[in-house]
Amino acid sequence: MRNYGEEQKHPLRTHSCAVGESEDPRLVLQREMRDYVQCIRKHPKSWPFQTPVDGNLVPGYYDVVKQPMDLATILQKIDNFEYVTRDTVLADLRLMIRNCKVFNPPNNNYHKAAVDLEKVFGGFKE
């Protein structure tokens, strides 16, 4: 069981899965990215990021946020092989956090969750 109070080792940098001659490197990358995003989804501070923001429930969100991103969309993109490098999935994770911080003021629980999640996962750095 992971201790979410401490910074986690970055699975995309430390994954030790060796690619066999018969295993497609794209499948290895897909598995690594999916495992990492699933780990994020299980974190208690990930609650605002599970699904796309409902514009009917959050008026003005799509006026401010022009490139929305959430964990369900990232997983869908992983499953559709839309990411070809680790950097591209990490860029979408950073976009997701940035969108939340731009839309919500610093004292807001959504903003606080974004800051906390970013800290735990090391800023989603390469």
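Cut-off values and rules
- Residues numbered from 1 in each chain as written.
- Predicted model: local features only at pLDDT ≥ 70, side-chain atom pairs only at ≥ 80, totals over all residues.
- Heavy atoms only, no water.
- Helix = DSSP H or I, 4+ residues; strand = E, 2+ residues; numbered from the N terminus.
- Buried < 20%, exposed > 50% of the residue type's maximum accessible area, 1.4 Å probe, protein only.
- Areas by Shrake-Rupley, 256 points an atom, 1.4 Å probe, with all protein chains shown as cover.
- Phe/Tyr/Trp six-rings, centres within 6.5 Å; stacked < 30°, edge-to-face > 60°.
- Lys NZ or Arg CZ within 6 Å of the ring centre and 35° of its normal.
- Core = buried A, V, L, I, M, F, W, Y, C linked by side-chain atoms within 4.5 Å.
- Contact = heavy atoms within 4.5 Å.

Draft legend 1. Summary view of the overall build of the protein chain. Counting its regular elements, the protein chain contains 6 helices and 0 strands. Element order for the protein chain, N to C, with α for helix and β for strand: α-α-α-α-α-α. Taken over 126 residues, the protein chain has a buried fraction of 36%. If you sum the accessible surface of the protein chain, you get close to 7,700 Å²; carbon and sulfur atoms cover 51% of it.

Draft legend 2. Here's a closer look at unusual backbone geometry. A positive phi angle, close to 55 degrees, is found at Phe-81, a residue other than glycine. Locating Phe-81 in the fold gives a position in the loop between α4 (71–79) and α5 (86–103). For Phe-81, a relative accessible area of 31% puts it in the partly exposed group.

Draft legend 3. Summary view of the environment of Leu-93. Among the structural elements, Leu-93 can be located in helix α5. A relative accessible area of 0% places Leu-93 in the buried class.

Draft legend 4. Structural view of the packing of aromatic side chains. Taken as a whole and judged by the stated rule, the model has 4 aromatic pairs. For the ring pair Tyr-61 and Tyr-62, a centre distance of 5.1 Å and an interplane angle of 85 degrees mean the geometry is edge-to-face. Summarising the aromatic geometry, the rings of Tyr-61 and Phe-103 are spaced 5.0 Å apart at their centres and angled 70 degrees between planes, so their arrangement reads as edge-to-face. Of the two residues, Tyr-61 is situated in helix α3 (residues 61–64) and Phe-103 in helix α5; the sequence distance between them amounts to 42 residues. Residue Tyr-61 is classed as buried on the basis of its relative accessible area, which comes to 6%. Here Phe-103 falls in the partly exposed class, since its relative accessible area comes to 24%. Here the aromatic residues Tyr-61, Tyr-62 and Phe-103 are joined through ring pairs into a cluster of three or more. Lying across the ring of Phe-81, Arg-26 places its NZ or CZ 4.7 Å from the centre.

Draft legend 5. View of the nonpolar core. Ranked by internal contacts, the top residues of the largest apolar core, which has 24 residues, are Phe-49, Ile-74, Ile-78, Val-89, Leu-93 and Met-96. Going through the elements one at a time, α2 (25–42), α4, α5 and α6 (109–120) are the ones with two or more residues in this core. Here this core takes 7 residues from α5, the largest share from any one element. Setting aside anything within four residues of it in sequence, one finds Ile-74 in contact with Val-37, Met-69, Tyr-83, Val-89, Asp-92 and Leu-93.

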